[in-house]
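Commentary on secondary and tertiary structure
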Amino acid sequence: MASDLNRPVGNIVILTGAGISAESGIDTFRNGGGLWEKHRVEDVATPQAFRRDPDLVQRFYDMRRSAIADKQPNAAHHALAKLDREWHGERRDLLIVTQNVDDLHERAGAKRVLHMHGEALSALCSSCGSRHPWRDDLQHGPACPSCGEQRLRPDVVWFGEMPYGMDRIEAALRKADLFVSIGTSGAVYPAAGFVAQAAQAGVPTLELNLERSEGSDWFDESRLGAASRIVPEWVEELLGG
C-alpha cells in the first residue's frame, strides 16, 4: 500500500549519493563498466587491494582527496543545509546520510550529516582503528598520531567492509515520518535497501534523481531532474508548507 506523502512530516531521513555532487564536478566514480576512474574495483576499493598494492591504493585516494579540495557545494547542498538549519522543534528531527566521501554537505553548512562510506579528508589507522582529519597525501605520510603505526589508510569504507553508523541509521529509519533519496543509483547495498525498510514500515518515500534508479519502484513518488533544481524546489515546498 502506498504511503501518504501529504501527511504531516516530523522526522526526516535523507540519503544522498554521487548524483548530488556531480554538478559540483565530482565524478560519480563508478561507471557502467565496473571501473572506478579507469581502475578495477578489485584494484583500489577492497582490503585485499590495499594489502596487495598499498602504494596504488594510496595514490588513487590521494588524487581523489586533491580533486575534492577545489570543488564547491552546489544549490542542492545549500538547500539541504538550509533545511538542516531550519528543521527543528518538537518531533522534528533530521539526519542526512551520505554515501559520498566529499565534504560538500559540511561546507554548505549542514551539521546533521553521517558519512556511511567514510570521508576522503580523514585517515584511518589500520592498527588501532583511530580516525584523524587528513588533507595531505597518505602514500608517504607520517605514522598514526595515536599509536605510531605507519600504515594509515584512507578512511573510506571499501567493498567487504561494514559501513559506518548502521545502528544510528536504522534507528532513524524506524522513527522517520519521511525518507528521501537524492542522487543515488539504488545499486549499492546496504544503502539501496533503506527505501524498502522505510516502505515496509509505512514511511512515505520520495526519490529526487536525475533519472529513475534501480529502486524507483519502491518510492511513492519520483521527481526527476538536476539536483541543483529539484532539491531546492522540494526544500522550499517543505519549509513553506
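Placed above this text is the structure.
All values derive from a computational prediction rather than experimental measurement. (Residues numbered from 1 in each chain as written. Predicted model: local features only at pLDDT ≥ 70, side-chain atom pairs only at ≥ 80, totals over all residues. Heavy atoms only, no water.)

1. Comments concerning helix H9 (residues 227-240)
Selection criterion: Segments assigned H or I by DSSP are reported as helices when at least four residues long, segments assigned E as strands when at least two residues long, and all are numbered from the N terminus. A helix is expected to span 1.5 Å for every residue after the first. Should any heavy atoms of two residues lie within 4.5 Å, those residues are considered in contact.
The terminal C-alpha atoms of H9 lie 19 Å apart, and with 14 residues this matches the ideal 20 Å at 1.5 Å per residue to within 8%. Structurally, H9 contributes buried residues whose contacts are with strand S1 (12-16), helix H1 (18-22), helix H5 (75-86), strand S9 (178-182), strand S10 (205-209) and strand S11 (221-224).

2. With respect to the packing of aromatic side chains
Rules: A pair of aromatic rings is counted whenever rings of Phe, Tyr or Trp (Trp by its six-membered ring) have centres within 6.5 Å, and the orientation is called stacked for planes under 30 degrees apart, edge-to-face for over 60 and tilted otherwise. Relative accessible area decides the class of each residue, using a 1.4 Å probe on protein chains only: under 20% of the type maximum gives buried, over 50% gives exposed, and in between gives partly exposed.
Using the criterion set out here, one finds 4 aromatic pairs in the structure. A centroid spacing of 5.1 Å and a plane angle of 90° characterise the contact between Phe60 and Tyr61, whose relative ring orientation is edge-to-face. Take Phe60 and Tyr61: they sit in the same class, and that class is buried. With 6.2 Å between their ring centres and 45° between their planes, Tyr61 and Trp158 make a pair best called tilted. Of the two residues, Tyr61 is situated in helix H4 (residues 54-69) and Trp158 in the loop between strand S8 (152-156) and helix H7 (166-174); the sequence distance between them amounts to 97 residues. Accessibility expressed as a relative area gives 6% for Tyr61, which makes it buried. A residue is classified by how much of its surface remains accessible, and Trp158, at 3% relative accessible area, is buried.

3. Description of the sheet that holds strand S7 (residues 131-133)
Basically, it comes down to this: Think of it this way: DSSP has to see at least two bridges between two strands before they count as a pair. Axis definition: a line fit to C-alpha positions, over the contact stretch in the case of helices; interaxial angles, taken between N-to-C directions, run 0 to 180 degrees.
Spatial strand order, S7-S6-S8: 3 strands in an open sheet with antiparallel pairing. Each edge of the sheet is formed by a strand with only one pairing partner; in this case those strands are S7 and S8. Across the sheet, the axes of successive neighbouring strands diverge by a mean angle of 45°, strand direction being ignored. Examined bridge by bridge, strand S6 (residues 118-125) and S8 share 5 bridges and lie antiparallel to one another.

4. Remarks on the nonpolar core
Note the cut-off: Residues grouped as a nonpolar core are buried Ala, Val, Leu, Ile, Met, Phe, Trp, Tyr and Cys residues, joined through side-chain atoms within 4.5 Å.
With 25 residues, the main nonpolar core has Ile14, Leu80, Val180, Val231 and Trp234 as its most contacted residues. Only S1, H5, strand S4 (94-98), S9, S10 and H9 provide two or more residues apiece to this core. Tallying contributions element by element places H9 first for this core, with 6 residues. Setting aside residues up to four positions removed in sequence, Leu80 forms contacts with Ile14, Thr16, Ile20, Ile96, His105, Ile182, Val231, Trp234 and Val235. By size, the runner-up hydrophobic cluster in this structure holds 18 residues, among which are Val13, Leu95, Val97 and Ala191.

5. Quick notes on the side chain of Asp103
Positionally, Asp103 belongs in the loop between S4 and helix H6 (104-108). On the accessibility criterion, Asp103 (13% relative accessible area) is buried. Ignoring anything within four residues of it in the chain, the contact list for Asp103 reads Ile68, Leu121 and Arg135.

6. A few points about the side chain of Thr16
Heads up, the rule is: Pairs of N or O atoms within 3.5 Å make up the polar contacts considered here, provided that, within protein, one atom can donate a hydrogen while the other can accept it, and that residues adjacent in sequence are counted only when both atoms are side-chain atoms.
Within the secondary structure, Thr16 sits in strand S1. For Thr16, the side chain forms a polar contact with the side chain of His105, separated by 3.0 Å. In this structure, Thr16 is in contact with Leu80, Ile96, Val97, Thr98, Gln99, Asn100, His105, Ile182 and Thr184, ignoring residues within four places of it in sequence.

7. Some points on the sheet that holds S1
Across the sheet, which stays open at both edges, the 6 strands sit in the order S5-S4-S1-S9-S10-S11 with parallel pairing between neighbours. Each edge of the open sheet is held by one strand with a lone partner, namely strand S5 (113-115) and S11. Each strand axis lies, on average, 20° off the axis of its neighbour in the sheet, ignoring direction. Pairing between S10 and S11: 4 bridges, direction parallel. The residue of S11 that forms the bridge with Leu206 is Glu221.

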